[in-house]
Structures are given as C-alpha cells and as structure tokens.
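The primary structure of each chain is shown beneath.
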Amino acid sequence: MLTLLLLLSSGALAPDGLYDRQISQAIEDVKAVHPVPAALVKAVIARESSWNPRAASRAGALGLMQLLPMTAAKVGVSREELFDPAKNILAGVRLLAVLLRHYRGDVISALVAYNARPRQLFAPIPRNGETPEYVKAVLAYYARYSERGGPIAPPGLAPAVGDTSGSSPLLRSTKLEP
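What counts, and at which threshold
Residues numbered from 1 in each chain as written. Predicted model: local features only at pLDDT ≥ 70, side-chain atom pairs only at ≥ 80, totals over all residues. Heavy atoms only, no water. Helix = DSSP H or I, 4+ residues; strand = E, 2+ residues; numbered from the N terminus. Buried < 20%, exposed > 50% of the residue type's maximum accessible area, 1.4 Å probe, protein only. Contact = heavy atoms within 4.5 Å. Areas by Shrake-Rupley, 256 points an atom, 1.4 Å probe, with all protein chains shown as cover. Salt bridge = Lys/Arg side-chain N within 4 Å of Asp/Glu carboxyl O. Phe/Tyr/Trp six-rings, centres within 6.5 Å; stacked < 30°, edge-to-face > 60°. Lys NZ or Arg CZ within 6 Å of the ring centre and 35° of its normal. Polar contact = N/O pair within 3.5 Å; in protein donor to acceptor, adjacent residues only side chain to side chain.

## What about the overall build of the chain?
When helices and strands are counted, the chain shows eight helices and zero strands. Scored against the burial criterion, the 178 residues of the chain give a buried share of 42%. Residue pairs in contact within the chain that sit at least 24 positions apart in sequence constitute 47% of those at least 6 positions apart. Of the roughly 10,200 Å² that the chain leaves accessible, carbon and sulfur atoms contribute 56%.

Written out as structure tokens, the structure reads:
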C-alpha cells in the first residue's frame, strides 16, 4: 500500500492517474490548433515530468511539460496556470510548434531548443550536459507512443534496417514533414 501511495504521489503511474482524462482531453484538444503529433507531446510529457501535473524542477520549470514561467508567458500562459494540465499542455505544444516551424520540422533541433537552447538547423547534438540523454529519451518515448511503435520519421527518411553508415537522414536528424 505504501508503495502504491509513493507511486501515485510521484506521478509515475500516468497517464493512468488522477489527471488521466484531463490530460488526454487536453492533448486531443491541442491537436486541432497546433500541428504537433500527439505522440511527440506525450513523449515530452513523459520525459519532462513523468506525467506529474504538479512537477517542479530545481530550475523553476513547472507542470507536465516543464515550462519556465517566463517562457510560458511568451506563449500566453501565466505562472499560476502552469499547474493546470490543459493550460500547460497548450503552452508546451505552442512552444514545440514554434520550434518545429523554426527548425523546418527537425525534431532533434526542436527538442534541443526545448530542453536547452536554440541551435543551428541540423547541427550536431551538444555532447555535454543532460541534452543528449534528454533527446535520446524523448525519441524513445516518441517511438513508443507512435502508432504501434512505427517509424519516427515519415517514409523515405527512416534508415534501412542495419544501416549504420550514417548516410540515412534519420541518423543525422529526425524531421517531420509540414
């Protein structure tokens, strides 16, 4: 019983926990407004907050998508609204949509900017700090949340099975088509 309480309070049981319906509805609602795949939204939430709507980082990022209050304000959400799952998801997806548009669909560049800082289009992932592990984790969640674990990239960008040459566009970058 104590273990279950600890899991519930940590947010590790989501999206099956207390906020399941509200989170699922917010993800569905935002799909109609911003062209960000639901699987990517879920992947960012899983990595950023482990589905805990009350998550707060040491850096001051808040809520499901771990937005800093200053960043949230730029996309129209106040600090007080960051613990509201629907508002937090709306703000996070707005930011992801802007980053994906800026990086012309390059998911890796958008994730690096979401996590750390903006970078040149198709630049290599920084090898320092938490960013490489962050990107790797989000992409793994993205693959898991995509339909039946399908490819992350659209057909034609996915690497051939066994391709380790680095010639595949997916090995350099994961890009969404507009």
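That shown, we press on.
## Remarks on unusual backbone geometry
Of note, the phi angle at Trp 51 is positive, near 70°, even though the residue is not glycine. Among the structural elements, Trp 51 can be located in the loop between helix H3 (38-49) and helix H4 (69-74). Even without a glycine there, the phi angle at Arg 104 is positive, about 50°. Within the secondary structure, Arg 104 sits in the loop between helix H5 (85-102) and helix H6 (107-115). On the basis of relative accessible area, Arg 104 is assigned to the exposed category, the value being 55%.

## Remarks on the pattern of salt bridges
A pair can form between side chains of opposite charge whenever their charged atoms are brought close. Inspection of every chain in the model, using the stated rule, returns two salt bridges. Between Glu 28 and Lys 31 there is a salt bridge; the shortest N-O distance is 3.3 Å. Here the residue Glu 28 and the residue Lys 31 both occupy positions in helix H2 (residues 20-31), the gap between them amounting to three residues, near one helical turn. Given a relative accessible area of 43%, Glu 28 falls into the partly exposed group. In this structure, Glu 81 and Lys 87 form a salt bridge, with 3.6 Å as the shortest nitrogen-oxygen distance. Residue Glu 81 is classed as partly exposed on the basis of its relative accessible area of 26%. The class for Lys 87 is partly exposed, based on a relative accessible area of 32%.

## Quick notes on the environment of Val 36
With respect to the element layout, Val 36 can be found in the loop between H2 and H3. In sequence terms Val 36 and Ala 97 are 61 residues apart; their C-alpha atoms lie 6.0 Å from each other. Apart from the residues lying within four places of it in its own chain, the contact partners of Val 36 are Lys 31, Val 41, Val 93, Leu 96, Ala 97 and Leu 100.

## Topic: the packing of aromatic side chains
The relative placement of two aromatic rings is captured by the distance of their centres and the angle of their planes. Taken as a whole, this structure holds two aromatic pairs when the rule is applied. The interplanar angle of 75° and the centroid separation of 6.1 Å between the aromatic rings of Trp 51 and Tyr 145 together place this pair among those described as edge-to-face. Of this pair, Trp 51 sits in the loop between H3 and H4 while Tyr 145 sits in helix H7 (residues 131-145), placing them 94 residues apart in sequence. Given a relative accessible area of 6%, Trp 51 falls into the buried group. Of the residues examined, Tyr 145 reaches a relative accessible area of 27% and is grouped as partly exposed. When the ring of Tyr 141 is compared with that of Tyr 145, the centres are 6.2 Å apart and the planes differ by 20°; the resulting orientation is stacked. Here Tyr 141 pairs with Tyr 145, and both are found in helix H7, just four residues apart, close to one helical turn. Here the basic side chain of Arg 54 rests over the ring of Phe 83, its NZ or CZ set 4.2 Å away from the ring centre.

## Examining the side chain of Asp 106
As for its position among the elements, Asp 106 is in the loop between H5 and H6. Within the local environment of Asp 106, its side chain forms a polar contact with the side chain of Ser 109, the two groups lying 2.3 Å apart.

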